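# Descriptive analysis of the structure
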Amino acid sequence: MNLKHHAGACALGLTSFALSAPVASAFCGFYVAKADTDLFNDASKVVLVRDDERTVITIASDYRGDVNEFAMVVPVVDIPLREQINVANPALVDHLDEYTAPRLVEYYDENPCEQIRYRQMAMSAEPEPVVLEEVMEMAPEDLGVTIEAEYEVGEYDILILSAEESDGLITWLNQNEYRIPDGAEEVVGAYLKRGMKFFVAKVNLERHDGSSMLRPIQVAYEDEDFMLPIRLGTVNAEGKQELFVFAITRQGRVETTNYKTVRLPSNMDVPIFVKDEFGDFYKAMFEHQTEKENGKAVFMEYAWDMSWCDPCAANPLSRSELRELGVMWLDEGPQGDIQPMPRRPGPQPVDAFVTRLHVRYDGQTFPEDLNFQVTGDRENYQGRYVLRHPWRGDYGQCEEAGIYAENLVSRWDQEAESLARLTGWEMDEIRQKMADGGFSASAVGISEPKPKRSWWQRLWGN
């Protein structure tokens with residue numbers, strides 16, 4: 001069965017479902033905000049699970065209004081059997097949206113004078129060789145860690161851990177993306193000596209009742225062409241529409257073949273005030289980047305192995321959730337036979353790679369349906385933006401503190417320039433907002449830097 005020519009319904013102009021509160025994750029920076037599909041009006045969400053010629057498409061609707069007036073049109077070649085059509089829990093698509101959403105994280109600078117002491121202690125200690133690959137591959141039992149129990153309680157996923165030593169526990173937590181602050185070994189060790197266990201919880205943002213929403217429609221089919229029909233969605237559309245495609249494969253990243261696929265700029269340091277304006281920031285950035293591509297590019301916002309995330313805007317999808325979305329190969333053998341994997345304590349591994357694509361389109365900029373290909377590229381990528389909170393103390397306390405203050409002013413200048421390049425916002429307005437928040441040279445007792453001279457001015461001393 002193919003989704004190209006037969007009359008059906010695909011009103012690819014849908015919005016999003018209700019949101020849950022964000023979850024804080026303390027690794028590689030503290031996750032503080034996300035930019036999910038709810039930021040955009042008339043946004044459609046489509047999940048494409050692809051393996052060879054097998055495909056499961058899930059079309060999510062956040063239609064608002066009288067359900068009797070709802071319509072969906074999907075072009076197809078063959079008439080699907082009843083067994084090929086299903087309705088899904090809308091929370092599955094919401095969860096995938098949350099998990100892949102571009103995210104904002106924050107770090108906190110340490111006291112530069114204290115860093116001197118840490119370096120001296122490190123230099124006096126006998127160095128021990130560390131082989132990173134071996135550490136990352138170590139199983140819980142090799143680290144002296146035991147998963148005593150795992151639960152789903154309300155909106156929480158919970159693990160109860162015990163360990164023989166603090167180093168082993170911290171290593172396991174780090175390699176499973178439960179990163180804890182440096183220097184916690186002593187405290188963790190003290191608790192372990194008292195025979196205590198560790199309760200580890202993450203909030204599952206998508207465990208909610210979606211009964212008030214229209215459930216997504218799913219169709220399973222086989223076809224050598226890997227494509228998504230979008231042209232019908234432009235026929236009666238008023239203006240441009242937003243489309244989010246979540247493609248899941250076991251080979252790697254998905255990209256378009258008949259349009260340019262572009263990675264959104266990522267891993268940028270941005271000013272602190274963006275924390276209160278992250279939604280506006282992300283919409284402005286996406287619009288600015290779209291304009292730079294003349295409105296004719298498909299943007300990649302996320303590409304990651306489903307087994308983990310760093311930092312997590314939501315928990316990775318479980319094996320059962322992936323099955324419900326159509327991931328058909330999780331329990332299959334080489335010939336496609338069902339071979340259930342034996343259960344073992346702890347989270348079960350998954351072989352699934354997810355790509356999040358975002359396109360703003362109309363009939364002029366995207367006159368053709370989207371054609372895709374599955375690549376073997378499994379390099380991880382995410383839309384990630386960083387807030388760095390400065391250390392606020394006596395900048396005359398030590399020589400390093402004074403140097404830190406000077407570098408801080410340069411960092412703020414770079415953050416302002418990055419934000420202007422990302423969004424097209426006016427530099428003067430950015431600098432004023434930063435100054436209002438205390439992020440300027442005067443805030444750290446330093447004279448405002450002189451304007452930079454061009455290289456030819458420096459050359460002849462003009």
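In the block above lies the structure referred to throughout.
Residues numbered from 1 in each chain as written. Predicted model: local features only at pLDDT ≥ 70, side-chain atom pairs only at ≥ 80, totals over all residues. Heavy atoms only, no water.

### A short note on the nonpolar core
In plain terms, the rule: In plain words, nonpolar cores are sets of buried Ala, Val, Leu, Ile, Met, Phe, Trp, Tyr and Cys residues tied together by side-chain atoms within 4.5 Å. Relative accessibility thresholds used throughout: buried, under 20% of the residue-type maximum; exposed, over 50%; partly exposed, between the two (1.4 Å probe, protein chains only). Working definition: helices are DSSP H or I runs of at least four residues, strands are E runs of at least two. Numbering for both runs from the N terminus. Contacts: residue pairs with any heavy atoms within 4.5 Å of one another.
Counting 88 residues, the largest nonpolar core has I248, F281 and L370 as its most contacted members. Per-element tally for this core: the top contributor is helix α8 (residues 399-423), with nine residues. Not counting residues up to four positions away in its chain, the partners in contact with I248 are V47, L48, V49, R50, L96, L322, V327, W329, A352, F353 and V354.

### Considering the pairing of strand β17 (residues 370-374)
For clarity, the cut-off: When DSSP locates at least two bridges between a pair of strands, those strands are taken to pair.
Where strand β10 (residues 227-228) and β17 come together, two bridges link them in antiparallel fashion. Looking across to β17, one finds that L228 is bridged to L370. Across three bridges, strand β12 (residues 254-256) lies against β17 in antiparallel orientation. Bridge pairing in β17 links T256 to F372.

### Examining a nonpolar patch on the surface
Just so we agree on the cut-off: Patches were defined on residues exceeding 30% relative accessible area and lacking a salt bridge, with like-charge contacts within 9 Å and nonpolar side-chain contacts (Val, Leu, Ile, Met, Phe, Trp, Tyr) within 5 Å. Only the protein chains shown count as covering a residue, and every accessible area follows the Shrake-Rupley method with a 1.4 Å probe. We define a salt bridge as a side-chain nitrogen of Lys or Arg found within 4 Å of a carboxyl oxygen belonging to Asp or Glu.
Together, W455, W456, L459 and W460 make up a nonpolar patch on the protein surface, roughly 560 Å² of accessible area in all. Topologically, L459 is positioned in helix α10 (residues 455-460).

### Points about the environment of H389
Just so we agree on the cut-off: Between N or O atoms, a polar contact is any pair within 3.5 Å; within protein, one atom must be a potential hydrogen donor and the other a potential acceptor, and residues adjacent in sequence are included only when both atoms are from side chains.
Within the fold, H389 resides in strand β19 (residues 384-389). Given the relative accessible area of 15%, H389 is considered buried. Sequence separation between H389 and E106 is 283 residues, and the spatial gap between their C-alpha atoms is 7.2 Å. Non-local contacts of H389, meaning those with residues more than four positions away in its chain, are made with E106, Y107, Y108, D109, I272 and R411. Separated by 2.7 Å, the side chains of H389 and E106 make a polar contact.

### Quick word on the environment of V374
As for its position among the elements, V374 is in strand β17. Measuring from C-alpha to C-alpha, the distance between V374 and D51 comes to 8.9 Å, with 323 residues separating the pair along the chain. Sequence-distant contacts of V374, defined by excluding residues within four places in its chain, comprise R50, F226, T249, Q251, G252, R253 and V254.

### What to know about the packing of aromatic side chains
Aromatic rings considered in pairs are described by the distance between their centres and by the relative angle of their planes. Rules: To pair, rings of Phe, Tyr and Trp, with the six-membered ring standing in for Trp, must have centres within 6.5 Å; the planes then decide the type, stacked if under 30 degrees apart, edge-to-face if over 60, and tilted in the middle. By definition, being over a ring means that NZ of Lys or CZ of Arg is both within 6 Å of the ring centre and within 35 degrees of the ring normal.
In the structure shown here, the tally under the stated rule is 14 aromatic pairs. When the centroid spacing of 5.6 Å and the interplanar angle of 90° are considered together, the rings of W391 and Y395 count as edge-to-face. Take W391: its relative accessible area is 12%, and that puts it in the buried class. Aromatic rings pair up to connect Y99, Y302, W304 and W308 into one cluster. Here R388 stacks its cationic end above the ring of Y107, 4.8 Å away from the centre of that ring.

### Side note on the pattern of salt bridges
Taken as a whole and assessed by the stated rule, the structure comprises 21 salt bridges. A salt bridge links E106 to K275; its shortest N-O distance comes to 3.2 Å. Of this pair, E106 sits in strand β5 (residues 103-108) while K275 sits in the loop between β14 (268-269) and α6 (278-292); the two residues are 169 residues apart in sequence, bridging distant segments of the chain. E242 serves as the salt-bridge partner of R360, at 2.5 Å between the closest nitrogen and oxygen. Taken together, the residues R360 in strand β16 (residues 353-361) and E242 in strand β11 (residues 241-249) connect sequence positions 118 residues apart. When its relative accessible area of 16% is taken as the criterion, R360 is described as buried. On the basis of relative accessibility, which here comes to 6%, the residue E242 falls in the buried class.

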